[in-house]
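# What the coordinates show
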Amino acid sequence: MFTETPFIRKKKRNEVIAKCFFGFMAAAMVIPLFLIVGYIVVQGAPAISWEFLTENPRSGGAKGGIWAAIVGTFYIVFFSLAFSAPIGVLAAVYLNEYATENWFTRIVNLAVVNLAGVPSIVHGLFGVGAFVYFANFNDGKKSIIAAALTLAVMTLPVIIASTKEALSAVPRQFREACWNVGATRWQVIWKIVLPNSISGILTGVILQVSRTAGETAPVMLTGVATYKLLDSTGLFLYHPIKDQCMALSMHLYYIATQANNVPKATPFAIATVLIGVVLIVNAAAIAFRVYLRSRKKW
Amino acid sequence: MTKKIQVENLRTFYGTKEVHHGISFDIEQNEIFAIIGPAQSGKTTLLRAINRTLEFTPGTKMTGTIKVDGEDVQKTRDVYGLRRKIGMVAPLPVGLPLTIYDNVAFAPRSSGINDKGFLDAHVEKCLRQSALWDEVKDRLDSLGTKLSGGQQQRLTIARALSHQPEILCLDEFSIAIDPVTTMRIEDVLKELKKEMTIILVTNLVQQARRLAARTMFLWNGDIIELDRNEVMFSDNTKDKRTYEYVNGIFG
Amino acid sequence: MKPAVPRASRSQLAIMVERVIEGLVYICGISAIIFVFGIFFFVFKEGAPFLAKLNFTEFFFSKEWIPTSSVQPKYGIGALIVGTVSVTALAMLIAVPFGLGAAVFVSEFCTGKTKETLKITIELLAAIPSVVWGFIGLSVMSPVIISVFHVPVGVNLLNAALLLALMSVPIMVSIGEDALKAVPDSYREAGIALGATKWQLIYRVLIPAAKNGLLAAVLLGVGRAIGETMAVLMATGHAVNIPDSIFDPVRTLTATIAAELGETSHGSPHYQVLFLIGVVLFSITAVVNLAADFIVKGIKRK
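Since we're looking at a predicted model, the values are computed, not measured.

### As for the interface of chain A and chain C
Counting residues at the interface gives 69 residues for chain A and 70 residues for chain C. Class assignment for the residues of the side of chain A that touches chain C results in 52 nonpolar, 14 polar and 3 charged.

Below, the structure written as C-alpha cells:
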C-alpha cells in the first residue's frame, strides 16, 4: 500500500500553494475585467433602447441616439475590410505557398512584423500624409475612404498572420500529391488549399471587424468627425469619398470628454454597445471555428 | 529495347548534404525496375529528382542529367507535361480532401479536360485498374479522405494512373497497407507492365524479387549493384554487400 | 469522344489567367514592404520641412512644449518622452509579474476546458477597444484612485499605467505561453524525477529555459504600451509635466499627436513637429518589435 509520508504531504501542499499563487496572478488580470465590464454594462444597459440605437444624435450629442455613429462605423469597417481582406489573404498565399526561404522572404516577413508593431497613431499620421493629402480623395479634407484605407493598412499584418496559420494547417502531403500529377502551384492553391482553409481565413477576418470598429486614434485624424449627422430620414447617406462620418469609438471619446450636458448614462451606453460588438464578433468567430472544425475533411 | 529513363552522373543535395554521389543507370521501356536499399539511401529523392518535384523543397540542388524519352528533365519546356508523364505513388496514402470521383478527375481537369462523358469513363477505368472500383462504385461522391488506408492507397494509384502516365513510380507503396491488399496491387502491377514502365522502390526485398525484372541496390547514395534479378537474388552477386542485404544479414 | 492521347494541354487563356493571378499574389505578397516604407516615407515627408529649423538638443531634451504660442512657440518633447517612458515603465512593473504569472498558470496548471476558457477570456481582454479602456480610466478608475489614495485628481500616471498593464497582459500571456509550451516535456519530467517541487521546477527549470521567449513577450508588451494612444490620452491627465509621484498627471507622445493634430493647419510648423514625433515613435517601436522578433526567431531556429 502507498502510505503518505510527511515528505509527500509537504510536497503536495507545496504544489497547491504554487497553483494558488499563479492562479491569483491570472485571476488578478481576469477578474477586474469582469467587474469593470459588468459595471459598465449595468450602468449603460438601461439607457439602450430602440430609439437610442436608431435615432440621430441631437443637441451636440446630449440628446437623441447614436444611429449616425453606428452607420459610420459600419462604413469604415466595411470599406477597410474590403481592401485588407483580399490583399492580406493573397499576401499570406504568397508567403506560405510561393516564397522560398531566402533573404528577400525574410525581409518581407520582417516588414509584416514591423507593420504589426507600428503604433495606431502613426498609422493615423500616415493616413493623413498618404490618403488625405497625397491621394487627395476629398480636396485635402478628411474622408471615409481615407479612414478606411488607413485601417486597412493597419489590419493587414494581422490578416496575413491569421491566414498564414490557416494555410499551413493544410497538410503538405496534399500539395505534393497534386504536384505529382502535374498540377501547377495555383491549381493546387485554388482547388485544395483555399477550400480547406477558408474557415480559418474567415475567422481571422471576422475578428478584425471588432478591431476596426473600435479603433479611434487613426480614424479621428483621417475621416471621422465628432458630429456629422445623417439625414433623419435617410439610411445610408454618407458618401464614402466626399463625406466624413461619425463613428462609435470617436463618439464615445467625444461624449466622455468634450460634450456638454450629457446624461451620465449615455457614455456607458455607447461603451456597452462597443463591448457588445466585441463580444458578438468574438462569439461568432468561436462558433464558426467550432462548426467548421466539426466538418473537417480529414 | 528502348531506354525510357537515362540517368547520368546524378548528384543531389539538401543544403550542403550530398544525397547521391554521381550515379548512372538506365531504365528500359515496359520493365518493372526495382530499387532496394536501407532507409536514408536516397530512393525517394531519386524519384523526386526524376519528376522534378525535388525543387519544391527549399535548399535542394541537382547536377548531372536525367533524360526521360531522351529529353533532359532539367531543360524541358513543359514541366507539368513531364510530371503527367510520370505517375507517382507516395509511401503513405494520400486521399485528397475531395470526393472519390474528384480525386481521380483532378489530374485530367488540371490539364484542361472537362468533358463529362470522358471523365466518367476515365474515372471508372482508373478505379478498375487500381482494383478499387467494386468497393466504391456506389459512393463516388463521398470523401476520399474517409476511405480506409488500403483503399486510400489504391485511390492514390488510381490518381497516379488518371493522367495516363507512361512511367509509374511506386515508393514503398505497401508500407501502410495489409498483405492482402498488397497482393492485389501487385497483381495490378503485373497487368500494368504491358502498358507502362514501372519503377518500384521498396524495402521489401522479396517484393522486388517477385515483381521486377531488374533490381538496383542503392546504399548511402551509391549504386552498389544493378543487375537482372537472377543475378541479384543468387549466390553470385558481384558485391558481397548485395548478397548480405538481400539475405537479411544487414540493413 | 475520347481524345486519342489525352496529353491535352491547357488553353492559352487559362495559362494567361493563372499568370495574372500569380502576379497579383506576388504584388500583394510584397505589399507589406511597400506599406512599411510608405508609412515611414509619408510621415517623414510631412515632417521633414521642419528639420532645417529644428534644434535637436532642444527638441529631445527641453521640457517646454508650447507649440501654440504666437510670440515664441517652443517644441521640446523632453517632458513627453518622460511621460511615455514613465507610464510604460510603471505599466510594465505591474504587467510583467502578473502577465508572466498568468502565462505560467495557463501553461503549467491548466488543462483542457479551463485552459481553453482562460485563453478565450484573455483574447477578449485584448479585443476591448482602447477608447473603452480610456473611458474606464475616466469613469471607473479615477474615482477609485481618488477615494483609495485620497488624492485630488484621479486621472494621472497611475491610472494610465494600470490601464496599460491590463491592455498589454494579453499579448504577454499568449507569447509567454507559447514560450513555455516550447520547453520540452522531458525537462519537466527530469525535474520531477529529481524530486523538484513545482516551485523549483518553475523557477529553476522552466523560466530559465523559456527566458528568451518570455523576454520577447515583455518586449511586445512594451511596444504595445508605448504605442497606445486613446487610453493614455483620456487617463493620464494630459498635462505637460515631469512627474514627481505616480499621482501626477503626465502627457505622452502619442496622446499629444492625437489631441493636437486636428487643431493645426496643414504645413504649419506645429503640424510638422507632430509628424516628427511620429517618426520618433515609429523608430522606437520598430526597434522594440524587431528585437522581439529576432529573439522569437532565435528560439525557433534552436
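### Here's the deal with the nonpolar core
Side chains of a nonpolar character, in soluble globular proteins, are inclined to be buried together. Grouped together as the largest cluster of nonpolar side chains are 260 residues, with contacts concentrated most on B:Leu200 and C:Leu163. Considering every element that reaches this core, the biggest residue donor is helix H3 (residues 67-98) of chain A, with 19 residues. Shared between two domains, this core takes at least three residues from each, and those domains are domain 1 (12-53) and domain 2 (74-301) of chain C. Among residues more than four places away in sequence, those in contact with B:Leu200 are B:Ile32, B:Phe33, B:Ala34, B:Leu170, B:Ala208, B:Leu211 and B:Ala212.

### Some points on the packing of helix H3 (residues 100-110) of chain B against helix H4 (residues 116-129) of chain B
All names here are of chain B. Where H3 meets H4, the closest approach of the two axes is 10 Å, and the angle between their N-to-C directions is 110°. What the angle tells us is that H3 and H4 run roughly perpendicular. Judged by the twist between their axes, the crossing of H3 over H4 is right-handed. Every residue of H4 that contacts H3 at Tyr101, Val104, Ala105 and Pro108 is listed here: Leu119, His122, Val123, Cys126 and Leu127. For the contact of H3 with H4, a count of residues per class yields 8 nonpolar, 1 polar and no charged.

### A few points about the sheet that holds strand E4 (residues 60-68) of chain B
Residue and element names in this part refer to chain B. One open sheet accounts for 4 strands, arranged E2-E1-E4-E5; its pairing is antiparallel. Whereas interior strands pair on both sides, the edge strands pair on one side only; in this sheet they are strand E2 (17-28) and strand E5 (71-72). With 8 bridges joining them, strand E1 (residues 3-14) and E4 adopt antiparallel strand pairing. Residue pairing for E4: Tyr14 is matched across the bridge by Thr60. Lying over the sheet, helix H1 (residues 43-50) contacts E1, E2 and E4, oriented at roughly 115° with respect to E1.

### Overview of H3(B)
In terms of burial, H3(B) is largely enclosed, as 8 of its 11 residues are buried. Along H3(B), the residues that are buried comprise B:Ile100, B:Asn103, B:Val104, B:Ala105, B:Phe106, B:Ala107, B:Pro108 and B:Ser110. Looking at the buried residues of H3(B), the elements they touch are helix H7 (172-180) and helix H8 (185-214) of chain A together with helix H2 (79-85), H4, helix H5 (133-136) and helix H6 (149-162) of chain B. After H3(B) finishes, the residue B:Gly112 shows a positive phi value of roughly 100°.

### A closer look at helix H1 (residues 12-29) of chain C
Given a rise of 1.5 Å per residue, 18 residues ought to cover 26 Å, and the 25 Å separating the end C-alpha atoms of H1(C) matches this to within 8%. The complete set of buried residues in H1(C) reads C:Val25, C:Cys28 and C:Gly29. Looking straight down H1(C), one finds that the buried residues subtend no more than 100° of arc, so they occupy a single side. Residues C:Gln12, C:Leu13, C:Met16, C:Arg19, C:Val20 and C:Gly23 are exposed on H1(C) and point more than 90 degrees away from its buried face. On the buried face of H1(C), the contacting elements are H3 and helix H4 (103-117) of chain A together with helix H2 (31-47) of chain C.

Here is what the cut-offs are and how they apply
- Residues numbered from 1 in each chain as written.
- Chains lettered and ligands numbered in written order.
- Predicted model: local features only at pLDDT ≥ 70, side-chain atom pairs only at ≥ 80, totals over all residues.
- Contact = placed C-beta atoms within 7 Å.
- Nonpolar A, V, L, I, M, F, W, Y, C, P; charged D, E, K, R; others polar.
- Core = buried A, V, L, I, M, F, W, Y, C linked by C-beta atoms within 7 Å.
- Buried ≥ 20, exposed ≤ 12 C-beta atoms within 10 Å, placed from the backbone.
- Helix = DSSP H or I, 4+ residues; strand = E, 2+ residues; numbered from the N terminus.
- Domains from an automatic or database assignment.
- Axes fitted to C-alpha atoms, helices over the stretch in contact; angles between N-to-C directions.
- Parallel < 35°, antiparallel > 145°, perpendicular 65-115°, else oblique.
- Left-handed = near helix turned anticlockwise from the far one by under 90°.
- Pairing = 2+ DSSP bridges.
- Expected span 1.5 Å × (residues − 1).
- Arc of directions from axis to C-beta.

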